[in-house]
Amino acid sequence: MKLIGPFSQILTLAHIDFKGSIPDQALEVVKNGGVLVSNGHILEVGNFDALRRENPLVEIEEIAHKSVLLPGFVDCHTHTCFAGSRAMDFAERNAGTSYLEIAEKGGGIWSTVSQTRNAIDEDLVTLTENRVNNFLKKGITTLEIKTGYGLSVEQEMRLLKIINTLKTRSTVASTCLAAHVKPRDYEGTASEYLIHLEENLLPKIKDLTNRIDIFTEKSAFGIAESTQYLQNALKLGFTITVHADQFTSGSSQMAVKLGALSADHLEASTDEDIKILSQSETVAVALPGASLGLGEPFTPARKLLDAGACLAIASDFNPGSAPMGDLLTQASIFATFQKLTTAEVFSGLTFRAAKALNLYDIGKIGTGYKADFQSYLTDDYREILYHQGQLKPCNVWKMGILI
Ligand code: NIG
Ligand code: FE
């Protein structure tokens, strides 16, 4: 057992609901705070001096500088396992060719598939591990990583195994996105490819992941075939998530109907889609990094929150649409365009994002939660978003251990 502190402020995010808008007055700020930690979990949060008096023999991890403590961030949507670059796509898009046009010509996702298939395991492991460790330094203590750049039974299983064996202190949740696009070397239609995955991949990966994702969009998979694929995944016991309404509306409603954990992207969601999502338990995941990478509109987060949705914010880190990979910078910029309160942003980056991963013991600083947190060199939590990602965490703890 140890007592960590004192912190000028601890932002606990206690008493905030999973759904709906949040005024900043709802933020609980513990001044001169301390956290009592045992076995990687939080025993108690409160005034540092009082906790020290009540526990006179406890070991103290003393914080000498003024700082603000927050829960570690949860990045619930990334494509971190890939090789190569898509700098050529970025330049081409800015010169006027659209993301979908590049994909139709055989660039885009398919180009990363070729580069990833050509990389040996050792290189892919190193690339991915280094990226995850960089995220950890930026305060991301839990992240999701999708496959989706293998696109064959063998290659998708290889990527899942690589993701599952990464050696990093972060918690990594893997998701199978074999249904990213129909691979160019598959002879058959998109629906046939999905049936092939249902028969030959899904039954084999029950031990490797419990999450299945699909990109439902023009040039990827249609609503009817996606529905069938996801229903089969559900029957096999997987949880599901969907790349929904990125360019065309329709698939978020499918995600809700199927009880998906989350519907991610939503840049093209209509008012009707927003209403349906907001009345459901499906988490609406905004990916501002993809809007910034593609020059597309932002997800209508303000409308979603006002309608009562559970809004999470994730980086979508990937070599194509979202190469930046800086969640805090993206969330800060997103907040200025969508008029999101500090409470809404921090909730969307922590416990609300954890709900999209079906995790309920992370994302708040309170008794029973994992001791995953991060601190910033300031005595006012509002400085963090104000610096738009330029103020980085000075300390990060994973399961109570300072990294
Ligand atoms: O979430 N939209 C589909 N998938 C990714 C992009 C993947 C890529 O372009 O490599 C996304 O934006
Ligand atoms: Fe994505």
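Quick caveat: nothing in here was measured; it's all calculated off a predicted structure. (Residues numbered from 1 in each chain as written. Chains lettered and ligands numbered in written order. Predicted model: local features only at pLDDT ≥ 70, side-chain atom pairs only at ≥ 80, totals over all residues. Heavy atoms only, no water.)

Caption draft 1: Just the packing of helix H7 (residues 190-200) against helix H8 (residues 223-235), in detail. Here H7 crosses H8 at 0 degrees, and the two axes come no closer than 10 Å. Considered as vectors, H7 and H8 are oriented roughly parallel to each other. For the pair H7 and H8, the contacting residues are Ala190, Ser191, Leu194, Leu197 and Glu198 in the first and Glu225, Ser226, Gln228, Tyr229 and Asn232 in the second. Partitioned by chemical class, the residues of the contact of H7 with H8 number four nonpolar, four polar and two charged. (Axes fitted to C-alpha atoms, helices over the stretch in contact; angles between N-to-C directions. Helix = DSSP H or I, 4+ residues; strand = E, 2+ residues; numbered from the N terminus. Parallel < 35°, antiparallel > 145°, perpendicular 65-115°, else oblique. Contact = heavy atoms within 4.5 Å. Nonpolar A, V, L, I, M, F, W, Y, C, P; charged D, E, K, R; others polar.)

Caption draft 2: Summary view of the pattern of salt bridges. On inspection of all chains with the given rule, the structure shows 16 salt bridges. Between lysine 146 and glutamate 144 there is a salt bridge; the shortest N-O distance is 2.7 Å. What makes lysine 146 buried here is its relative accessible area of 0%. For glutamate 144, a relative accessible area of 0% corresponds to the buried category. When the shortest N-O distance is used, the salt bridge between lysine 146 and aspartate 213 registers 2.8 Å. Residue lysine 146 is found in strand E7 (residues 140-146), and its partner aspartate 213 is found in strand E9 (residues 211-215); the two are separated by 67 residues along the sequence. With respect to class, lysine 146 is no different from aspartate 213; both count as buried. Taken together, the shared-partner salt bridges in this structure form one network comprising Glu144, Lys146, Arg211 and Asp213. (Salt bridge = Lys/Arg side-chain N within 4 Å of Asp/Glu carboxyl O. Buried < 20%, exposed > 50% of the residue type's maximum accessible area, 1.4 Å probe, protein only.)

Caption draft 3: A look at helix H5 (residues 121-137). Here H5 is 17 residues long and its end C-alpha atoms lie 24 Å apart, about the 24 Å a rise of 1.5 Å per residue gives. Packed against the buried residues of H5 are helix H4 (109-117), E7, helix H6 (153-164), strand E8 (171-179) and strand E15 (395-398). (Expected span 1.5 Å × (residues − 1).)

Caption draft 4: Spatial organisation of the state of the cysteines. A complete count under the given rule lists zero disulfides for this structure. Here cysteine 76 is not disulfide-linked; the sulfur of cysteine 310 is the nearest cysteine sulfur, at 9.2 Å. (Disulfide = S-S within 2.5 Å.)

Caption draft 5: Main features of the side chain of histidine 180. Mapped onto the fold, histidine 180 is located in the loop between E8 and H7. Take histidine 180: its relative accessible area is 4%, and that puts it in the buried class. Polar contacts involving the side chain of histidine 180 include one to the main-chain carbonyl oxygen of glycine 148, which spans 3.0 Å. Aside from chain neighbours lying at most four places away, what touches histidine 180 is His79, Ile109, Gly148, Tyr149, Leu151, Phe215, Ala220 and Phe221. (Polar contact = N/O pair within 3.5 Å; in protein donor to acceptor, adjacent residues only side chain to side chain.)

Caption draft 6: Representation of the site of ligand 1 in the model. Within the structure, ligand 1 sits among 15 residues, and Arg86, Tyr99, Tyr149, Gln246 and Ser321 are positioned closest to it. In the environment of ligand 1, a nitrogen atom lies 2.9 Å from a nitrogen or oxygen atom belonging to the side chain of histidine 180. Note that an oxygen atom of ligand 1 is positioned 3.0 Å from one of the side-chain N or O atoms of histidine 243. Within the complex, 100% of the 330 Å² of free accessible area of ligand 1 lies under protein. Of the residues belonging to the shell around ligand 1, the class tally is four nonpolar, nine polar and two charged. (Near = heavy atom within 4 Å. Areas by Shrake-Rupley, 256 points an atom, 1.4 Å probe, with all protein chains shown as cover.)

Caption draft 7: Structural view of the coordination of the iron ion (ligand 2). Of the protein atoms, only His77 (NE2), His79 (NE2), His243 (NE2) and Asp316 (OD) coordinate the iron ion (ligand 2), at distances of 2.1 to 2.2 Å. Sequence spacing of the donors to the iron ion (ligand 2): H-x1-H-x163-H-x72-D. For the pair formed by histidine 77 and histidine 79, the shared burial category is buried. (Donors = N, O, S within 2.8 Å, 3.2 Å for Na, K, Ca; no water.)

Caption draft 8: Structural view of the packing of H5 against H6. It is at 10 Å that the axes of H5 and H6 come closest, and there the two elements cross at 50 degrees. As the angle between them shows, H5 and H6 are arranged oblique. The interaxial crossing formed by H5 with H6 has right-handed handedness. Where H5 abuts H6, its residues Asp121, Leu124 and Val125 lie against Arg158, Leu159 and Ile162. Class assignment for the residues of the contact of H5 with H6 results in four nonpolar, no polar and two charged. (Left-handed = near helix turned anticlockwise from the far one by under 90°.)

Caption draft 9: Broad picture of the packing of aromatic side chains. Evaluation of the coordinates by the stated rule reveals 13 aromatic pairs. Ring centres of phenylalanine 73 and phenylalanine 346 lie 6.4 Å apart, and the angle between their planes is 20 degrees; on these two criteria the pair is classed as stacked. Note that phenylalanine 73 is positioned in strand E6 (residues 73-75) and phenylalanine 346 in helix H14 (residues 342-348), a separation of 273 residues in sequence. In this structure, phenylalanine 73 and phenylalanine 346 share a single accessibility class: buried. Judged by centre distance (5.4 Å) and plane angle (40 degrees), the rings of phenylalanine 298 and phenylalanine 337 are tilted. Taken together, the positions of phenylalanine 298 in the loop between helix H11 (288-294) and helix H12 (301-307) and phenylalanine 337 in helix H13 (residues 327-338) put the pair 39 residues apart, joining distant regions of the chain. For phenylalanine 298, a relative accessible area of 17% corresponds to the buried category. Take phenylalanine 337: its relative accessible area is 57%, and that puts it in the exposed class. Over the face of the ring belonging to phenylalanine 238 we find lysine 206, whose NZ or CZ atom lies 5.5 Å from the ring centre. For lysine 355, the ring lying beneath its charged end belongs to phenylalanine 18, and the centroid distance is 5.6 Å. (Phe/Tyr/Trp six-rings, centres within 6.5 Å; stacked < 30°, edge-to-face > 60°. Lys NZ or Arg CZ within 6 Å of the ring centre and 35° of its normal.)

Caption draft 10: Layout of the pairing of strand E1 (residues 2-11). Counting buried residues in E1 gives nine out of 10 residues, a clear majority hidden from the surface. Where E1 and strand E4 (residues 59-62) come together, four bridges link them in parallel fashion. Counterpart to lysine 2 in the pairing with E4 is glutamate 59. Taken together, the seven bridges between E1 and strand E2 (residues 29-38) define a ladder with antiparallel strand orientation. Within the sheet, the bridge partner assigned to isoleucine 4 lies in E2 and is valine 35. Bridge count between E1 and strand E5 (residues 68-71): two bridges; the pairing is parallel. The partner of isoleucine 10 across the bridge, within E5, is leucine 69. (Pairing = 2+ DSSP bridges.)

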